[in-house]
Amino acid sequence: QLGRAIRARRGNERHSWEKGLGQIAMTVADVEAALRQASVDIYHEIQSHVGWTGDSLESFCAQGASKKLQRTNTSGDTVLALDELADELIEKRLAECPCVAGFASEERDDFVTLNPEGEYIVVFDPLDGSQNVKVGISVGAIYGVFKAKNISEVKTGEEIVASGYALFSAGLQFAYCSRTTPVTLSQYSFDNKEWVTFIEDHKQPRKGSTYAINEGSCANWDSTISTFVAQHLRGRSVRWMCCMVADVSRQLLQGGCFLYPADNKYPKGRLRLVYEAIPLAFLWERSGKGVAYATIEGDRVLDLPIPADVHAKCGIIFLGEDEAAAFDNVRKHAPLWAGGSTSDKIKVKETEQTKVVKREVSLLRTALVIGAIFNVVLLLRR
């Protein structure tokens, strides 16, 4: 029913699309409906498991959902029972969607096949920031959709066709966009059991008043990041929830930037490229004129090749329009050892050399004119 409602809501728009895009939109809407329903399922489970008992942290969750299992996932993170439960809830909803061929999840070692005849695959982090469950603050889920039958067919992040996230907080919010639809945000009404859209075409503000970065890692930052934060973010308030969905959502709605760059401690970055960085980078860039970099050299997240290891990590530098301009200026003028792009440095150097040459030519012309005038005066005196 939810799938039919979503398709009906977008029916008028679909007539203006090209035939191929229209067909894609219809099936992607089914995937969106499945992800929305999975998000509702997860929110119910979070609510039913979390509850302070007044005892030790081990009894913080009545049914042990925040207790650590005796294993870590492929990414190296300790797995909570609630992580696995969220993963299974999403799998269940996707399996009911015939157009979904399979999925890749943070909690699975490899790609999982569901419906061999399906045309789409879904990548996801089922419970982002799950360590926040113990203290009762925001967690989320991240989703990305590709038109393929296996993740091995996808070459770069630019092939993504839709993405979104669910934010499990004071309410249940869902942000989503595709190649043919804008960024929409909606909230679930548990009374009416339906989604209510509160923003139909979100555009990120040009400049924000806050920023998101873990300043506890400042000793490990590259000097370009340090300079950018010190020179261009000074005076703003920092917001850091230890949940990428929550932190990105704030900056997306209110303007600003989200930074989790590679640094001296984690030279390959900390966040997963395929099911965290790419989906949110697509959503970020679709919401306005901001950019989603993976490196301080200016490599876009969506331009990165999909690695053989679906759990490979990368750095993340999500910048709003104003922040992107400031960061690019810092990056271009940074010395090469500090991460400045070689090509950008060459351009800057050429520009500076041109200015010097023009200044010297101007001085030479002035000197010649003065000399000529002086010679004329001497001739007249004779």
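## Some details on the pairing of strand β7 (residues 160–168)
Turning to step 1, where the next piece is worked out: Buried residues dominate β7, accounting for nine of its nine residues.
Turning to step 2, where the next piece is worked out: Judged from the eight bridges that link them, strand β6 (residues 139–147) and β7 form a sheet pairing that is antiparallel. Considered in β7, the bridge of Phe-146 is made with Ile-160.
Turning to step 3, where the next piece is worked out: Inspection of the sheet shows β7 paired to strand β8 (residues 172–178) by seven bridges, in the antiparallel sense. Bridging across to β8, Tyr-165 finds its partner in Ala-175.

## What to know about the nonpolar core
Turning to step 1, where the next piece is worked out: Counting residues in each nonpolar core, the largest one holds 46 residues, and the members touching the most others are Ile-151, Tyr-165, Met-244 and Phe-318.
Turning to step 2, where the next piece is worked out: When residues of this core are traced back to their parent elements, those giving at least two are β3 (100–105), β5 (120–128), β6, β7, β8, α6 (244–254), α7 (273–286) and β17 (316–319).
Turning to step 3, where the next piece is worked out: The contacts of Phe-318, once residues within four sequence positions are left out, are Met-244, Val-248, Cys-257, Phe-258, Ala-277, Leu-280, Ala-281, Trp-284, Val-291, Ala-292 and Val-301.
Turning to step 4, where the next piece is worked out: Within the second largest apolar cluster, 38 residues are counted, among which are Ile-42, Tyr-43, Val-112 and Trp-195.

## A look at a nonpolar patch on the surface
Turning to step 1, where the next piece is worked out: On the surface, a cluster of nonpolar side chains totalling about 250 Å² of accessible area is made up of Val-369, Ile-373 and Val-377.
Turning to step 2, where the next piece is worked out: On the secondary structure map, Ile-373 appears in helix α9 (residues 342–381).

## A short note on the sheet that holds strand β10 (residues 194–199)
Turning to step 1, where the next piece is worked out: Strand order in the open sheet formed by eight strands is β4-β3-β5-β6-β7-β8-β9-β10, and the pairing between neighbours is mixed. Edge strands, defined here as strands with exactly one partner in the open sheet, are β4 (112–113) and β10.
Turning to step 2, where the next piece is worked out: As judged from the two bridges shared by β3 and β4, these two strands associate in the antiparallel manner. Paired with Gly-102 across the two strands is Thr-113, which belongs to β4.
Turning to step 3, where the next piece is worked out: Contacting β5, β6, β7, β9 (184–189) and β10, α6 runs over the sheet at an angle of about 105° to β7.

## Some points on the pattern of salt bridges
Turning to step 1, where the next piece is worked out: This structure, assessed with the given rule, holds 17 salt bridges.
Turning to step 2, where the next piece is worked out: Between Glu-91 and Arg-108 there is a salt bridge, with the nearest N and O atoms lying 2.7 Å from each other. On the criterion of sequence distance, the pair formed by Glu-91 in helix α4 (residues 81–95) and Arg-108 in the loop between β3 and β4 is long-range, its members being 17 residues apart.
Turning to step 3, where the next piece is worked out: Of the charged contacts in the structure, one is a salt bridge between Arg-300 and Asp-303, with a shortest N-O distance of 2.9 Å.
Turning to step 4, where the next piece is worked out: According to the relative accessible area criterion, Asp-303 is partly exposed, its value standing at 44%.
Turning to step 5, where the next piece is worked out: Residues joined in a network through salt bridges with shared partners are Glu-158, Arg-179, Glu-285, Arg-300 and Asp-303.

## A closer look at α6
Turning to step 1, where the next piece is worked out: Most of α6 sits inside the fold, with eight of its eleven residues counted as buried.
Turning to step 2, where the next piece is worked out: One or two steps after α6, the chain reaches Gly-255, where phi turns positive at roughly 90°.

## What about the confidence of the model for the chain?
Turning to step 1, where the next piece is worked out: Of the residues in the chain, 79% have a pLDDT of 70 or more, and the chain-wide mean is 85.
Turning to step 2, where the next piece is worked out: When the criterion is pLDDT under 50, residues 1–6 qualifies, and its contacts beyond four places in sequence or with other chains add up to eight contacts.
Turning to step 3, where the next piece is worked out: Low pLDDT (under 50) marks residues 51–63, which in the prediction has 17 contacts with non-local residues, meaning those over four places away or in another chain.

## Some thoughts on the packing of α6 against α7
Turning to step 1, where the next piece is worked out: Across the interface, α6 lies against α7 with an axial gap of 12 Å and an inter-helix angle of 15°. Our classification of the angle between α6 and α7 gives roughly parallel. Of the two possible hands of crossing, α6 and α7 adopt the one that is right-handed. Residues Met-244, Val-248, Gln-251 and Leu-252 of α6 lie in contact with α7, whose contacting residues are Glu-276, Leu-280, Leu-283 and Trp-284.

Criteria and thresholds
- Residues numbered from 1 in each chain as written.
- Predicted model: local features only at pLDDT ≥ 70, side-chain atom pairs only at ≥ 80, totals over all residues.
- Heavy atoms only, no water.
- Buried < 20%, exposed > 50% of the residue type's maximum accessible area, 1.4 Å probe, protein only.
- Helix = DSSP H or I, 4+ residues; strand = E, 2+ residues; numbered from the N terminus.
- Pairing = 2+ DSSP bridges.
- Core = buried A, V, L, I, M, F, W, Y, C linked by side-chain atoms within 4.5 Å.
- Contact = heavy atoms within 4.5 Å.
- Patch = residues over 30% accessible without salt bridge, like charges linked within 9 Å, V, L, I, M, F, W, Y side chains within 5 Å.
- Areas by Shrake-Rupley, 256 points an atom, 1.4 Å probe, with all protein chains shown as cover.
- Salt bridge = Lys/Arg side-chain N within 4 Å of Asp/Glu carboxyl O.
- Axes fitted to C-alpha atoms, helices over the stretch in contact; angles between N-to-C directions.
- pLDDT = per-residue confidence, 0-100.
- Parallel < 35°, antiparallel > 145°, perpendicular 65-115°, else oblique.
- Left-handed = near helix turned anticlockwise from the far one by under 90°.

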